[in-house]
Amino acid sequence: MRLGLMLQNILTVAGALIVAFIYGWKLALVTVACAPMFGFSQFARFAMMKGDAAKRQATLADANRVALEAISNIRTVAAFTHEEAVIRDFRAELAGPMKLGVRSAVIGGILSGVGQLLNYGAHSLVFWYGAVLIADGELSFIDMLKIITSIMLAAISVGTNSAMVGNVGKAKAAAREVFKFIDRVPKIDVDVRGDQLPELKGEVKLRNLTFAYPTRPTATVFSDLSLDVPAGRSLAIVGPSGSGKSSIVSMLE
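Note that the coordinates shown come from a computational prediction; the quantities given were computed from them, not determined experimentally.

(A) Inspection of the packing of helix H2 (residues 25–33) against helix H6 (residues 95–135) at higher detail. It is at 10 Å that the axes of H2 and H6 come closest, and there the two elements cross at 170°. Considering their axes alone, H2 and H6 lie roughly antiparallel with respect to each other. Two secondary-structure elements touch here, H2 through Lys-26, Leu-27, Val-30 and Thr-31 and H6 through Val-126, Tyr-129, Gly-130 and Leu-133. Of the residues that constitute the contact of H2 with H6, the class distribution is five nonpolar, two polar and one charged.

Structure below.
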């Protein structure tokens, strides 16, 4: 989608420049010189939005984690009357995003103001020079509007594309990592054929097994245990905690 939008903006710039220079090359040159002023506010706005979104997502991760843990374990939180502590932790995690939001608002307001100043200043210069050309009979009012509108549209398209250049770089870096992972050669050669084992049967036998935990060597868990589990059968081992159920499975593993 973004690639299509970038291609659309490139074609828009090319078409707008052709139209502008056909109707009046003098005013078109002046307008092109002022084009960075037209595109500055658009570029600054997109760049600010992209940077804020990435930073906001990173700074809100901890706050989201606190909220998720509290909601997932709401019964435990309520049982220990821990609601106020959770709210306090959540507010503490939001302190960073709050500062970032205030900073972004201030910087965004300044950039927006500067962009509007440059934008309207460039408009004033272009319209003044267009009026001079109209007074000299070199240009009509309709042609002036066509030129200015075309260049403004081109400047906005350039500003939009400039804001998406960073995304293209990220996409290339991500694609490079993906293909690097796909093309990697594993250290273990999975194509090497090993020895063919004979037919296996899943029969399990335990004979005269005696076991005690290392921390309690004098307390025997089971003594002289023998067990047969035929292939294709299921066996349930039941008993109180510490009776050795997991220990039997661990020995088999």
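Right, picking up where we left off after that structure.
(B) Quick peek at the nonpolar core. Ala-20, Leu-27, Ala-28, Cys-34, Ala-122, Val-126, Leu-133, Leu-139, Met-144, Ile-147, Ile-148 and Ile-151 together form the largest nonpolar core, which totals 12 residues. Those elements that place two or more of their residues in this core are H2, H6 and helix H7 (141–183). Ranked by size, the runner-up nonpolar core spans five residues in total, among them Leu-206, Phe-211, Val-221 and Phe-222.

(C) Local environment of a nonpolar patch on the surface. A cluster of nonpolar side chains, contributed by Met-98, Val-102, Val-106, Ile-110, Val-114 and Leu-118, occupies part of the molecular surface with about 510 Å² of accessible area. Inspection of the secondary structure puts Val-114 in helix H6.

(D) How the structure looks around the pattern of salt bridges. Tallied over the entire structure, the rule returns four salt bridges. A salt bridge links Glu-138 to Lys-26; its shortest N-O distance comes to 2.9 Å. Of this pair, Glu-138 sits in the loop between H6 and H7 while Lys-26 sits in helix H2, and the two are 112 residues apart along the sequence. For Glu-138, a relative accessible area of 45% puts it in the partly exposed group. Put simply, Lys-205 and Glu-203 hold a salt bridge, and the shortest N to O gap is 3.7 Å. Exposure remark for Glu-203: the relative accessible area of 46% places this residue in the partly exposed category.

(E) Here's a closer look at the environment of Tyr-213. One can find Tyr-213 in the loop between strand E1 (204–212) and strand E2 (220–229). The exposure class assigned to Tyr-213 is partly exposed, which follows from its relative accessible area of 22%. With 34 residues separating them along the chain, Tyr-213 and Ser-247 place their C-alpha atoms 9.1 Å apart.

(F) The packing of helix H5 (residues 83–93) against H6, seen in detail. Close contact between H5 and H6 brings their axes to 4 Å; oriented N to C, the two are set at 35°. In this structure, H5 contributes Arg-91, Ala-92 and Glu-93 to the contact, and H6 contributes Ala-95, Gly-96 and Pro-97. For the contact of H5 with H6, the class distribution of residues is three nonpolar, one polar and two charged.

Procedures and definitions
- Residues numbered from 1 in each chain as written.
- Predicted model: local features only at pLDDT ≥ 70, side-chain atom pairs only at ≥ 80, totals over all residues.
- Heavy atoms only, no water.
- Axes fitted to C-alpha atoms, helices over the stretch in contact; angles between N-to-C directions.
- Helix = DSSP H or I, 4+ residues; strand = E, 2+ residues; numbered from the N terminus.
- Parallel < 35°, antiparallel > 145°, perpendicular 65-115°, else oblique.
- Contact = heavy atoms within 4.5 Å.
- Nonpolar A, V, L, I, M, F, W, Y, C, P; charged D, E, K, R; others polar.
- Core = buried A, V, L, I, M, F, W, Y, C linked by side-chain atoms within 4.5 Å.
- Buried < 20%, exposed > 50% of the residue type's maximum accessible area, 1.4 Å probe, protein only.
- Patch = residues over 30% accessible without salt bridge, like charges linked within 9 Å, V, L, I, M, F, W, Y side chains within 5 Å.
- Areas by Shrake-Rupley, 256 points an atom, 1.4 Å probe, with all protein chains shown as cover.
- Salt bridge = Lys/Arg side-chain N within 4 Å of Asp/Glu carboxyl O.

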